[in-house]
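Structural description and commentary
So the chains spell out like this:
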Amino acid sequence: MNVTRRELEHWDRHHVWHAFTQMQEYEPLLIERGEGCWLVDVDGNRYLDGSASMWCNVHGHRHPRLDAALRAQAGKVAHTTNLGLSNSTTVEFARRLCELTPPGLDRVFFSDDGSTAVEAALKMAFQFWRQLETPRPEKTRFVAIAEAYHGDTLGAVGVGGVDRFTAMFAPLTFEPIRVPPPGRADADGRLVPLAESLAELDRLLSIYGSEIAALVMEPIVQMAGGVIVHPAGYLKSVREITRRHEVLLILDEVAVGFGRTGTMFACQQEEVVPDFLCLAKGLTAGYLPMAATITHRCIWDAFLGSHTDQRAFYHGHTYGGNPLAAAVGLASLDLFRDDLVLAALPAKIDRLARSTARLATLEHVGPVRQRGLVAGIELVADKATGRPYPWQEQQGRRACAAARGHGALLRPLGDVVVIMPPLAITEDEIDRLVTAAEAGIRVATG
Ligand SMILES: *Cc1c(COP(=O)(O)O)cnc(C)c1O
């Protein structure tokens, strides 16, 4: 069948309901192939993948070793269920993951995307307290950080706090206890000091701790909230406070896991061991949907018993532990080791900082926030006062759309232009990406 580009665009507009997209205003851009950190459209135009294909690509597209691992697994079997059955590739992947995760985190529950990794953790935490030797069934509530994002299934939406994503569904979701993210301005525009936000958390847990199953948070950087970078020490203190009040800690590293902040996992920046570590996006280096909820023996043990005790975790996803995904995940871990991916990061992180520093001088660029290999460039109507643009103007979206003409694919978060390339990006490519972002920002705000 010989399909024309016009036909494809027409079908795209009429049959494909794109995620987080107003279809009435959607303009098709059809990607045909990838090459390292570049994506190529059906007309042969090349774009740097500035959002790592929605924050998940790690080693670049069509990496020969990842492709080979995928092909080799396809030559064995594409999928077998992990409901009461196993697969050698998936077992090996679980074992390798446990060698890398913080000490004690060695029980892996596989699902298929970030939202389900968080859902599984929430449900496990809830069930854990009911199945303790001395059950604590009153521990049913969750604490979440304001402006958090944990995915789009209803449980994950319930603990999310990015209003433009969650407000619509509020009547359908449960209500967590929300604490403000540290280092952010409060309603009166006052920057809340770290000690104060920790004291507030401590106070809340003193009052409600006996009703709380777990606190869930994105460690170090709240990505979808607009690249909100937590002050140093916050995570470590949250761990200490939650432990003191017997509240489990769920760390959602779906976006920050696999090197994004400079260490393999973000929690390693502050030597924190959570009770649940949720991984997805980079888990298969951006190749296939797969997620993992990793916990420790104390949680696992609470679910053991005879089948007549009915203590098992009755939760699962059809494609959980998929061997094709596991094979690529394994090959990705090999690449981290053999190509010294983490050791190469400091130079790239530094280059991103120097490159984006230039943008901070632009008339309509407010704060530029960076941690590791991710930067968020906030566009503002008035630099002096920090007054935002009216959201209806969609300056972030317009800047990213204009950057396409300069060879970069970027995705904004509201009026924050996000630079989040694959870790494999070169320093030259970082400059090109930031230059394209700058061009886009000048067009939109000029
Ligand atoms: C993307 C993301 C999720 C959701 O992952 P999906 O695979 O889209 O379901 C959850 N948490 C964080 C921090 C994310 O960035």
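Before reading on, note that the structure itself is shown above.
I will try to describe carefully the structure that is included in this document.

About the criteria used
- Residues numbered from 1 in each chain as written.
- Predicted model: local features only at pLDDT ≥ 70, side-chain atom pairs only at ≥ 80, totals over all residues.
- Heavy atoms only, no water.
- Buried < 20%, exposed > 50% of the residue type's maximum accessible area, 1.4 Å probe, protein only.
- Helix = DSSP H or I, 4+ residues; strand = E, 2+ residues; numbered from the N terminus.
- Arc of directions from axis to C-beta.
- Contact = heavy atoms within 4.5 Å.
- Axes fitted to C-alpha atoms, helices over the stretch in contact; angles between N-to-C directions.
- Left-handed = near helix turned anticlockwise from the far one by under 90°.
- Nonpolar A, V, L, I, M, F, W, Y, C, P; charged D, E, K, R; others polar.
- Expected span 1.5 Å × (residues − 1).
- Near = heavy atom within 4 Å.
- Polar contact = N/O pair within 3.5 Å; in protein donor to acceptor, adjacent residues only side chain to side chain.
- Areas by Shrake-Rupley, 256 points an atom, 1.4 Å probe, with all protein chains shown as cover.

Thoughts on helix α13 (residues 395-404)
Those residues of α13 not exposed but buried are Gln-395, Gly-396, Ala-399, Cys-400, Ala-402 and Ala-403. Along the axis of α13, the buried positions cluster into a sector of 160 degrees, meaning they face one direction only. Buried residues in α13 make contact with β14 (374-379), β15 (408-409), β16 (412-413), β17 (416-419) and α14 (427-445).

Regarding the packing of helix α4 (residues 88-100) against helix α11 (residues 323-338)
Viewed as axis vectors pointing N to C, α4 and α11 meet at an angle of 35 degrees, and their least axial separation amounts to 8 Å. Helix-helix and strand crossings are classified by hand; for α4 and α11 the assignment is left-handed. Every residue of α11 that contacts α4 at Thr-89, Thr-90, Glu-92, Phe-93, Arg-96, Leu-97 and Leu-100 is listed here: Pro-323, Ala-326, Ala-327, Gly-329, Leu-330, Leu-333, Asp-334 and Arg-337. Within the contact of α4 with α11, the residues separate by chemical class into eight nonpolar, three polar and four charged.

A few points about α4
A rise of 1.5 Å per residue sets the reference length of α4, with its 13 residues, at 18 Å; its end C-alpha atoms lie 19 Å apart and thus fit the reference within 8%. Taken as a whole, α4 has its buried residues at Thr-89, Thr-90, Phe-93, Ala-94, Arg-96 and Leu-97. Down the axis, α4 shows its buried residues gathered within 165 degrees of arc, on one side only. Within α4, the exposed residues directed more than 90 degrees away from the buried face are Ser-88, Arg-95 and Glu-99. In this structure, the buried side of α4 is in contact with α3 (64-74), β4 (107-111), β12 (291-295) and α11.

Quick look at the site of the ligand
Taken together, Trp-55, Asp-113, Gly-114, Ser-115, Tyr-149, His-150, Gly-151, Glu-218, Asp-252, Val-254, Ala-255 and Lys-281 make up the full set of residues near the ligand. Between Asp-113 and the ligand, the recorded distance is 3.3 Å, taken from a side-chain N or O atom to an oxygen atom. Contact with the protein chains removes 84% of the 380 Å² of surface that the ligand exposes when unbound. A per-class count over the shell around the ligand returns four nonpolar, four polar and four charged.

So yeah, pure geometry; function would need other evidence.
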